[in-house]
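Next come the chains, spelled out residue by residue.
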Amino acid sequence: MSHVFMVLAPNKWNSLWMNRQQLMSRIGKKYPVIYSNGPYFSWERKEAMSESTLRGSFHKQDNVILDTSPLMMMRFPIIPKLDEFIVKGNAKRWSVMMSHVAPKAKRVLYVFHPDYWDYVKHIPHDVLVYHCYDNFITMESGGEQMKEKEANLARQADFIFTSSEVNRDRIASDYDCEHATFLPNGVDFELFTETPASAAEKFLSQQPLREKRVGYIGSLNDKVDLKVVDHLSEKIVDADFVFVGRVNNLSESNQKLWDIISQRDNVKVYPPCDRTMVPGMLKSMSVNCIYYDLSGDNFSSAGYPLKLHEYLASGKPAVSSAIRSVQAFSDVVGVAETHEKWEKMIRRALENPEEAPSDSDERITTASENSWDHRVDSLMRHMGIEM
């Protein structure tokens, strides 16, 4: 039987590629996939005016039909009756598009965030999927309202996928949803196979770098344990600590600490790079790190880092905080619980990269077994859909 996927997710398609884009660009090779961030809200008027038109549009990219929401269907929560009318109007627009691209197909409504619960009852569908990639209750404002939406979505969903075991257990416990299934993040293994270290050479040449390099690729925010970074960059002075990505949403105390760290001679800070350059960037490092802060209720403890299998696919040594999802790979990734162990593991990776704790072949093999292609096969098999 043919299927059509209507996907609702908060991430803009051309922003950082997360599991949303990786999964749907692959599913879109076989089945029509419509991907939408939903309508703009009234407070996003300036952004909407620069991105969209009165009637909006649909266009195809990366095997997916991308929705640019119409200006004329902007939401106004401050006016409840008008807002409800607009919610229904957007749902009808997506339904019409599904009928247009696959008139007789089974409809899969695939939701990546509880905020889209408002639309579920208005979009005709045969299958409802909730894919939980974070603990939205603790990481976003409006916790109680968000929990109510997530509870409704989880209890009505035919399938629930989570990106970490922590969130699977949370959903099963909080909402009595034992059918929640753990679907780990993966890696675009083919991209890593095809991209040499030299692909990042020009980008990295913006600053002088020494041979020994400790890398971190990705956004630097409050999920990063800057106390660990501070200790390491102060103690390991014969290596450069390289950071590539946005620095944003830091607390006042973390911003002050980052200001100190970033001024050190052995700390090199670069802007974000294109995703196609990430493999070359990681291969240009001596060791790559996941410095996640696991103290208190920090949301990073519930995650499954996209970096994990990307780091392994580079073949370079990797060291990580003791995140639950990473500990399952402690045979190929160095797992550090203390500042002292972090320092010891990074020094070992710099001096003996083929024993840190695995060799490059073992790391690459592990990554190949955790590709996004494998994840899509698992997801579709679980849903009983041929891929």
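For the structure itself, consult the block above.
Keep in mind that this is a model prediction, so the values were computed, not measured.

A. Molecular detail of the overall build of the protein chain. Within the protein chain one finds 17 helices and 14 strands. Taking 21 Å as the expected radius of gyration for a compact globule of 387 residues, we find that the protein chain reaches 22 Å, a close match to that expectation. Referenced to the eigenvectors of the C-alpha coordinate spread, the extents of the protein chain come out at roughly 60 × 45 × 45 Å. Contacts in the protein chain between residues far apart in sequence, at least 24 positions, make up 71% of those at least 6 positions apart.

B. Region of the structure containing the pattern of salt bridges. Counted under the stated rule, the structure contains 21 salt bridges. As a salt-bridge pair, K147 and D174 come within 4.0 Å of each other at their nearest N and O atoms. Of this pair, K147 sits in helix 6 (residues 143–156) while D174 is found in helix 7 (residues 165–175), placing the two residues 27 residues apart along the sequence. E165 serves as the salt-bridge partner of R324, at 3.8 Å between the closest nitrogen and oxygen. Of this pair, R324 sits in helix 14 (residues 324–327) while E165 sits in helix 7; the two residues are 159 residues apart in sequence, bridging distant segments of the chain. What makes R324 partly exposed here is its relative accessible area of 39%. A single network of salt bridges, built from pairs that share partners, joins R75, D83, D115, D118 and K149.

C. View of the side chain of R375. Looking at the secondary structure, you find R375 in helix 17 (residues 372–383). No salt bridge is formed by the buried R375; its nearest oppositely charged neighbour, E369, is found at 9.0 Å. Among the polar contacts listed, one links the side chain of R375 to the backbone oxygen of P184, at a separation of 2.8 Å. Beyond its immediate chain neighbours, meaning those up to four positions away, R375 contacts L23, L183, P184, N185, G186, Y304, H309, E369 and N370.

D. Up close: the pairing of strand 7 (residues 159–162). What you see with strand 7 is no split at all: F159 and F161 on one side and I160 and T162 on the other are buried throughout. Bridge count between strand 6 (residues 127–132) and strand 7: 4 bridges; the pairing is parallel. In the strand pairing of strand 7, H131 is matched with F161. Sheet analysis places strand 7 next to strand 8 (residues 180–182), joined by 3 bridges and oriented parallel. Bridge pairing links T162 to F182 in strand 8. Crossover connection from strand 7 via helix 7 to parallel strand 8: handedness right-handed.

E. Region of the structure containing the nonpolar core. With 62 residues, the main nonpolar core has F5 and Y110 as its most contacted residues. Filtering out sequence-adjacent residues up to four positions away, F5 remains in contact with I27, Y31, P32, V33, I34, V108, Y110, M380 and I385. With 60 residues, the next largest nonpolar core counts F203, M281, A336 and L350 among its residues.

F. Region of the structure containing the sheet that holds strand 1 (residues 3–8). Taken in spatial order, the 8 strands line up as 3-4-2-1-5-6-7-8 in an open sheet, and their pairing is mixed. Of all strands in the sheet, those with a lone pairing partner are strand 3 (57–61) and strand 8, marking the two edges. Each strand of the sheet is rotated relative to its neighbour by a mean of 25°, with strand direction disregarded. Taken strand by strand, helix 1 (residues 19–27) contacts strand 1, strand 2 (33–36), strand 4 (64–68), strand 5 (106–111) and strand 6, and its axis lies near 155° from that of strand 2.

G. Geometry of the packing of aromatic side chains. Evaluation of the coordinates by the stated rule reveals 16 aromatic pairs. Ring centres of Y216 and F243 lie 6.0 Å apart, and the angle between their planes is 45°; this geometry places the pair in the tilted category. In this pair, Y216 is assigned in strand 9 (residues 213–217) and F243 in strand 10 (residues 240–244), connecting sequence segments 27 residues apart. Like F243, Y216 is buried. Among the aromatic residues, ring-to-ring pairing joins Y216, F243, W258, Y291 and W342 into one connected group. A cation sits over an aromatic face here: R20 above Y133, 3.5 Å from the ring centre. Just above the ring of W17 sits the side chain of R275; from NZ or CZ to the centre is 3.7 Å.

What counts and how
- Residues numbered from 1 in each chain as written.
- Predicted model: local features only at pLDDT ≥ 70, side-chain atom pairs only at ≥ 80, totals over all residues.
- Heavy atoms only, no water.
- Helix = DSSP H or I, 4+ residues; strand = E, 2+ residues; numbered from the N terminus.
- Rg over C-alpha atoms; globule rule 2.2 N^0.38 Å.
- Contact = heavy atoms within 4.5 Å.
- Salt bridge = Lys/Arg side-chain N within 4 Å of Asp/Glu carboxyl O.
- Buried < 20%, exposed > 50% of the residue type's maximum accessible area, 1.4 Å probe, protein only.
- Lys, Arg positive; Asp, Glu negative; His and termini not counted.
- Polar contact = N/O pair within 3.5 Å; in protein donor to acceptor, adjacent residues only side chain to side chain.
- Pairing = 2+ DSSP bridges.
- Right-handed = clockwise from strand over helix to strand, strands pointing away.
- Core = buried A, V, L, I, M, F, W, Y, C linked by side-chain atoms within 4.5 Å.
- Axes fitted to C-alpha atoms, helices over the stretch in contact; angles between N-to-C directions.
- Phe/Tyr/Trp six-rings, centres within 6.5 Å; stacked < 30°, edge-to-face > 60°.
- Lys NZ or Arg CZ within 6 Å of the ring centre and 35° of its normal.

By themselves, these observations are geometric and do not establish any function.
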